[in-house]
Amino acid sequence: MRYLICGITAVFAILLTIIQTTILHGIEIFGVIPNLVLVAVVCYSLLNSTFRSILFGIFCGVLLDCVGGRIVGLNTLLCMYIAYVCGITGEKLFNNNVFVAVLFVVCYSFLFELANYLLHFALWGNTDVLFAVFGRIIPTSVYNGLAALVLYPIVYKLSDPRGNAAI
Amino acid sequence: MNRRKRLTLLIVLAITVCIFIIMGVSAALGQNTSASGTNFLGSILRPVQKLFTNVGTSVTDFFSFASDMGRFKEENETLKARVDELEQENRSLAALQEENARLREWLDFKEANPSLDIAMGEVIAKDPGVWFNVFTIDKGTNDGIQKDDVVVNTRGLVGRVMDVGANWAKVLSIIDEDSSVGAINSRTRDIAIVDGELLLGEEGRCKLNYISKDASLVVGDTIETSGLGGVYPPGILIGTVVEIKSDPQGFSQYAVIEPSVDFKHVQEVAVIRANTTADASADE
């Protein structure tokens with residue numbers, strides 16, 4: 001049963017990646033699309049043990065690195081860190097409320113996209129900080145928060161309630 | 001009985017005589033009498049006839065309608081199915097027409113560039129994030145594509161292959177921040193560099209940098225690849241100048257380029273295989 005759930009979770013992540021790189025580009029709002037994979041990582045980390053969260057984060061990060069990104073492995077690292085930090089903070093602050101999950105998603109999306117901007121652009125002399133923050137980072141974070149409303153219940157079904165997990 | 005027989009015979013004879021008289025009189029006076037009689041009778045009878053005819057027709061119609069009902073239903077269904085079929089056919093024809101127009105453009109493109117060895121590809125995915133203008137196409141090393149091969153479509157330059165697998169290739173479009181293309185003004189032959197930029201990329205535009213001081217550049221100038229740098233072959237259309245600006249320090253000017261390719265709707269692309277561009281003029 002446990003392997004089955006792991007398999008379904010993996011297929012779910014792959015499905016999100018495919019959706020994100022294909023049909024999601026058809027529903028861009030203000031030129032941005034939600035990062036469904038990141039939303040799934042945050043939601044999953046809030047609902048599972050830190051160890052499982054990290055594994056899921058790494059798996060999703062590898063997927064993102066496979067389909068895009070410039071610096072190989074950066075998405076894996078970022079997703080893993082987010083899964084880790086989110087797992088720890090979630091343990092203390094999360095109370096199975098979907099709106100709290102949305103808040104977490106918005107905050108971590110902001111950090112994720114900010115890290116992307118800093119490492120890919122700002123570090124190399126780009127100065128469009130205002131555009132990056134107001135045109136990319138904040139809209140994506142908000143969009144991710146909306147996506148979390150849909151994804152959280154699905155991830156909840158795939159999760160092991162905290163404390164009952166074997167690992 | 002005899003009495004009755006006789007009476008009957010009498011009536012027959014009387015009527016015969018009467019008719020003979022009428023016939024004789026009418027023959028003597030011409031047909032007018034008979035005609036007017038018929039006319040008179042007809043005038044009285046016609047409305048009644050008409051009424052009966054109408055009622056009869058209605059009754060007949062009603063019964064034939066009732067009997068036709070089943071047939072109508074069947075026919076209606078057949079016709080509806082036919083309409084669906086025709087609508088479907090119409091849609092597919094419209095799609096074919098559009099495809100035909102696209103393919104014709106490609107044919108023209110191939111005819112205009114017979115020396116280029118190209119591989120046709122279709123965009124299958126875009127970047128998962130919001131920062132890069134990179135997309136994936138369905139052709140890779142199996143089709144002879146290599147890293148740095150140039151990607152175009154019928155409108156002009158799309159970008160170059162930045163990463164390639166067996167059956168996929170990632171294409172870095174010219175509006176991406178990391179892209180840099182040696183360019184030349186078609187009118188004045190002044191050279192410059194077309195760079196992608198985060199902010200302009202948002203609008204699907206790019207920037208013309210390193211314009212020499214004595215270059216004459218006006219809005220509307222066409223920019224094409226210069227062939228310098230060795231990656232892009234010369235003469236591929238990049239876009240047109242839509243705005244000329246000075247950088248914040250005021251030392252140099254740059255231009256905003258509207259690429260001829262609509263990057264929001266890139267569907268089909270052609271990858272120019274490296275062997276045809278190997279003779280590009282110089283190294284970067």
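Above this text sits the structure in question.
If you're wondering where the values come from, they're calculated on a predicted model, not measured in any experiment. (Residues numbered from 1 in each chain as written. Chains lettered and ligands numbered in written order. Predicted model: local features only at pLDDT ≥ 70, side-chain atom pairs only at ≥ 80, totals over all residues. Heavy atoms only, no water.)

Novice: Tell me about the nonpolar core, residues and numbers included.
Specialist: Formed by 55 residues in total, the largest nonpolar core has its most connected members in A:Val42 and B:Trp131. Every element with two or more residues in this core is listed here: helix H1 (2-21), helix H2 (36-47), helix H3 (50-67), helix H4 (74-93), helix H5 (98-120) and helix H6 (129-158) of chain A. Those residues in contact with B:Trp131 that lie beyond four places of it in its chain are A:Glu113, A:Asn116, A:Tyr117, A:Phe121, A:Ala132, A:Arg136, A:Ile137 and B:Leu198. With 41 residues, the next largest nonpolar core counts B:Phe135, B:Val150, B:Val161 and B:Ile223 among its residues. (Core = buried A, V, L, I, M, F, W, Y, C linked by side-chain atoms within 4.5 Å. Buried < 20%, exposed > 50% of the residue type's maximum accessible area, 1.4 Å probe, protein only. Helix = DSSP H or I, 4+ residues; strand = E, 2+ residues; numbered from the N terminus. Contact = heavy atoms within 4.5 Å.)

Novice: Can you tell me about the packing of aromatic side chains, naming the residues and giving the values?
Specialist: Tallying each qualifying case throughout the model produces 10 aromatic pairs over all chains. An angle of 75° between the planes, with centres 6.1 Å apart, marks the rings of A:Phe94 and A:Tyr152 as edge-to-face. Here A:Phe94 is found in the loop between H4 and H5, whereas its partner A:Tyr152 is found in helix H6, with 58 residues between them in sequence. The residues A:Phe94 and A:Tyr152 share a single accessibility class, namely buried. Centroid distance B:Trp106 to B:Phe109: 5.5 Å. Interplanar angle 90°. Geometry classified as edge-to-face. With B:Trp106 and B:Phe109 both in helix H2 (residues 32-112) and three residues apart, the pair spans about one turn of that helix. Note on B:Trp106: relative accessible area 7%, which makes it buried. On the basis of relative accessible area, B:Phe109 is assigned to the buried category, the value being 14%. Three or more aromatic residues link up through ring pairs in this structure, and these residues are A:Phe94, A:Phe104, A:Tyr108, A:Tyr152 and A:Tyr156. In this arrangement the basic side chain of B:Lys207 is found over the ring face of B:Tyr254, its NZ or CZ atom lying 4.4 Å from the centre. (Phe/Tyr/Trp six-rings, centres within 6.5 Å; stacked < 30°, edge-to-face > 60°. Lys NZ or Arg CZ within 6 Å of the ring centre and 35° of its normal.)

Novice: I'd like a description of the pattern of salt bridges, backed by residues and values.
Specialist: Residue and element names in this part refer to chain B. According to the stated counting rule, one finds 15 salt bridges over all chains in the structure shown. As a salt-bridge pair, Asp68 and Arg71 come within 3.5 Å of each other at their nearest N and O atoms. Here Asp68 pairs with Arg71, and both are found in helix H2, just three residues apart, close to one helical turn. Under the relative-accessibility criterion, Asp68 is labelled partly exposed at 21%. (Salt bridge = Lys/Arg side-chain N within 4 Å of Asp/Glu carboxyl O.)

Novice: Can you break down the environment of A:Ile5 residue by residue, with the values?
Specialist: Residue and element names in this part refer to chain A. Looking at the element boundaries, Ile5 is found in helix H1. On the basis of relative accessible area, Ile5 is assigned to the partly exposed category, the value being 27%. Sequence separation between Ile5 and Leu103 is 98 residues; the distance between their C-alpha atoms is 26 Å.

Novice: Explain the sheet that holds strand E11 (residues 253-259) of chain B to me, using residue names and the numbers behind them.
Specialist: Residues and elements named next belong to chain B. Reading around the circumference, E6-E7-E8-E11-E10-E9 is the order of the six strands in this closed barrel, with antiparallel pairing throughout. For this sheet, the mean angle separating the axes of adjacent strands, direction not counted, is 40°. Two strands pair when backbone bridges link them, and strand E6 (residues 180-185) and strand E9 (residues 222-225) are joined in this way by three bridges, in the antiparallel orientation. Looking across to E9, one finds that Asn185 is bridged to Ile223. (Pairing = 2+ DSSP bridges. Axes fitted to C-alpha atoms, helices over the stretch in contact; angles between N-to-C directions.)

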